[in-house]
Amino acid sequence: MSLHDDLTSVQRRLDDLMRCVARLDEHSGDTLDMRRVRSAAAHLRDSLALLQDSAPAASGQRQVEMVTIPDAPYDRGLWADAEDEGLGSPHRHAP
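Quick caveat: nothing in here was measured; it's all calculated off a predicted structure.

Novice: Sorry if this is basic, but what is going on with the overall build of the protein here?
Specialist: Tallying secondary structure elements over the protein gives 2 helices and 0 strands in all. The proportion of buried residues among the 95 residues of the protein is 8%. Accessible surface for the protein amounts to roughly 8,900 Å². Of this, 55% is attributable to carbon and sulfur atoms.

Okay, structure coming up:
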């Protein structure tokens, strides 16, 4: 499953949960415990909305910037003072 599919599935189940909480609220009345359940369900709904907003777009819709790399050789002057990776500077000695 893709991320979008997973988020949609969670949204459907959360909608079911919200309906169940509303039915439970009708039976239980306005008690402290019921207010906590309503608050937790609302917090979960808000958190999922934030997650959906911050989730990356579907991979097919993502724009990829292409970078052209020339075939011409690099200017050797760019590497004049560079050290060889793992070998150190030619003027210094290894310990």
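Novice: Sorry if this is basic, but what is going on with the pattern of salt bridges here?
Specialist: Side chains bearing opposite charge may pair, as long as their charged atoms lie close to each other. If you walk through the whole model with that rule in mind, you get 5 salt bridges. Put simply, Arg19 and Asp16 hold a salt bridge, and the shortest N to O gap is 2.2 Å. Of the two residues, Arg19 and Asp16 both sit in helix α1 (residues 3-28), 3 residues apart, roughly one turn of that helix. Here Asp16 falls in the partly exposed class, since its relative accessible area comes to 39%. Here Arg36 ties to Asp33 by a salt bridge, and the two come within 3.7 Å at their closest N and O atoms. With Arg36 and Asp33 both in helix α2 (residues 32-54) and 3 residues apart, this pair spans about one turn of that helix. One exposure class covers both Arg36 and Asp33, and it is exposed. Here the residues in one salt-bridge network are Asp25, Asp30, Arg35 and Arg38, joined through shared partners.

Novice: What is the right way to look at a nonpolar patch on the surface in this model?
Specialist: Nonpolar side chains collect at one region of the surface, where Val67, Ile69, Tyr74, Leu78 and Trp79 lie side by side and expose about 660 Å² of accessible area between them. Within the secondary structure, Ile69 is located in the segment after α2. Classification of Ile69 by relative accessible area gives exposed; the value is 62%.

Novice: Looking at this structure, I do not really get α2. What am I missing?
Specialist: It helps to recall that an α-helix has 3.6 residues per turn; residues three or four apart then point in one direction. Taking 1.5 Å per residue, 23 residues should reach 33 Å; α2 reaches 33 Å between its end C-alpha atoms and fits that length. All of the buried residues along α2 are Met34, Ala41 and Leu48. Residues of α2 that are buried sit in contact with α1.

Rules of the game
- Residues numbered from 1 in each chain as written.
- Predicted model: local features only at pLDDT ≥ 70, side-chain atom pairs only at ≥ 80, totals over all residues.
- Heavy atoms only, no water.
- Helix = DSSP H or I, 4+ residues; strand = E, 2+ residues; numbered from the N terminus.
- Buried < 20%, exposed > 50% of the residue type's maximum accessible area, 1.4 Å probe, protein only.
- Areas by Shrake-Rupley, 256 points an atom, 1.4 Å probe, with all protein chains shown as cover.
- Salt bridge = Lys/Arg side-chain N within 4 Å of Asp/Glu carboxyl O.
- Patch = residues over 30% accessible without salt bridge, like charges linked within 9 Å, V, L, I, M, F, W, Y side chains within 5 Å.
- Expected span 1.5 Å × (residues − 1).
- Contact = heavy atoms within 4.5 Å.

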